[in-house]
Amino acid sequence: MPFYNDVPNEETYWYPAQAFGAATITHNIVGPWGKQGEVVDIMADVTTAMVGTTTVPEIDVGTSAGDASYARYRLGTAAGTVGYGAGVHRATQESLVRQVQPPALNDFPGHVALETALSPANTPIVVTLKAGTGGTPAGQADVMIKIRWY
């Protein structure tokens, strides 16, 4: 039987009904003892359209609030003006994401970035849900973050 820390496992963290309007929201994740984490997917089930006329709302995963050292998913089809409408949007389902390593899409700067670095063991990971900027920022989604622990 393998030792617990020798077996990679995946966990999905779910944040229901998150507002991407005028405020930034942060959440903290701590993984299994002694394991490093790698963000392998991000999904947003959008219930209210994402709005930001300068920048679209985004999900960042990193070492502190606003940092995207581990992953990023910008919730739109362009850096500004075109946020995602209602429906499920998944980082790994974006066009061409899985054709490069680490998985990424730069149809506009920083659209999708996954598996960019391993988090240190026993160290909190910070999820930042950034509101869009410009115009009247809005949006709501159930957010899921999938992390593989090694």
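Residues numbered from 1 in each chain as written. Predicted model: local features only at pLDDT ≥ 70, side-chain atom pairs only at ≥ 80, totals over all residues. Heavy atoms only, no water.

Overview of the overall build of the protein chain
Regarding its fold elements, the protein chain presents 0 helices and 10 strands. Here the protein chain has a C-alpha radius of gyration of 15 Å; the compact-globule value for 150 residues is 15 Å, and the two agree. Seen along its three principal axes, the alpha-carbon backbone of the protein chain occupies a region of about 55 × 30 × 25 Å. Sorting the 150 residues of the protein chain into buried and exposed places 43% on the buried side. Of the contacts formed within the protein chain by residues at least 6 apart in sequence, a portion of 77% connects residues at least 24 apart. Working note: accessible area of the protein chain is about 7000 Å², and carbon and sulfur atoms make up 57% of it. Here the protein chain contributes 8 positively and 13 negatively charged side chains, and the mean placements of these two sets differ by 2 Å. (Helix = DSSP H or I, 4+ residues; strand = E, 2+ residues; numbered from the N terminus. Rg over C-alpha atoms; globule rule 2.2 N^0.38 Å. Buried < 20%, exposed > 50% of the residue type's maximum accessible area, 1.4 Å probe, protein only. Contact = heavy atoms within 4.5 Å. Areas by Shrake-Rupley, 256 points an atom, 1.4 Å probe, with all protein chains shown as cover. Lys, Arg positive; Asp, Glu negative; His and termini not counted. Charge placed at Lys NZ, Arg CZ, Asp CG, Glu CD.)

Examining the sheet that holds strand 4 (residues 58-62)
Pairing is antiparallel in the open sheet, where 6 strands are placed in the order 2-9-4-5-8-7. If you trace the sheet from one side to the other, it starts and ends with strand 2 (25-29) and strand 7 (104-105), each paired once. Both strand 2 and strand 9 (residues 125-130) contribute to a ladder of 5 bridges, which runs antiparallel. Across the sheet, the residue bridging to Ile25 is Leu129, located in strand 9. (Pairing = 2+ DSSP bridges.)

Re the sheet that holds strand 6 (residues 87-90)
In spatial order, the strands read 1-10-3-6; together these 4 strands make up an open sheet with antiparallel pairing. Every other strand in the sheet has two partners, leaving strand 1 (9-19) and strand 6 as the edge strands with one partner each. Adjacent strand axes in the sheet meet at a mean angle of 15° when their direction is disregarded. As judged from the 11 bridges shared by strand 3 (residues 37-51) and strand 10 (residues 138-149), these two strands associate in the antiparallel manner. Looking at the pairing, Met43 lines up with Met144 of strand 10. (Axes fitted to C-alpha atoms, helices over the stretch in contact; angles between N-to-C directions.)

Overview of the side chain of Gln18
Within the fold, Gln18 resides in strand 1. Residue classification places Gln18 among the buried residues on the basis of a relative accessible area of 10%. Engagement of the side chain of Gln18 in a polar contact is seen with the backbone oxygen of Pro16, the distance being 2.8 Å. Here the side chain of Gln18 touches His27 through a polar contact of 2.9 Å, side chain to side chain. Apart from residues no more than four positions distant in its own chain, Gln18 is found in contact with Ile25, His27, Leu129, Gly139, Gln140, Ala141 and Val143. (Polar contact = N/O pair within 3.5 Å; in protein donor to acceptor, adjacent residues only side chain to side chain.)

Let's talk about unusual backbone geometry
Cis geometry is adopted by the peptide bond preceding Pro102, which originates at Gln101 and carries an omega value of -10°. Mapped onto the secondary structure, Pro102 falls in the loop between strand 6 and strand 7. Positive phi outside glycine occurs at Ala17, with the angle close to 50°. Mapping Ala17 onto the fold places it in strand 1. In this model, Asn122 sits at a positive phi of 60°, which is unusual for a non-glycine residue.

Let's talk about the nonpolar core
Counting residues in hydrophobic clusters, the biggest one holds 29 residues, and the most contacted among them are Val39, Ile42, Ile59, Val61 and Ile145. When residues of this core are traced back to their parent elements, those giving at least two are strand 1, strand 3, strand 4, strand 5 (71-74), strand 9 and strand 10. Ignoring anything within four residues of it in the chain, the contact list for Val39 reads Val61, Tyr70, Ala71, Leu114, Glu115, Ile145, Lys146 and Ile147. (Core = buried A, V, L, I, M, F, W, Y, C linked by side-chain atoms within 4.5 Å.)

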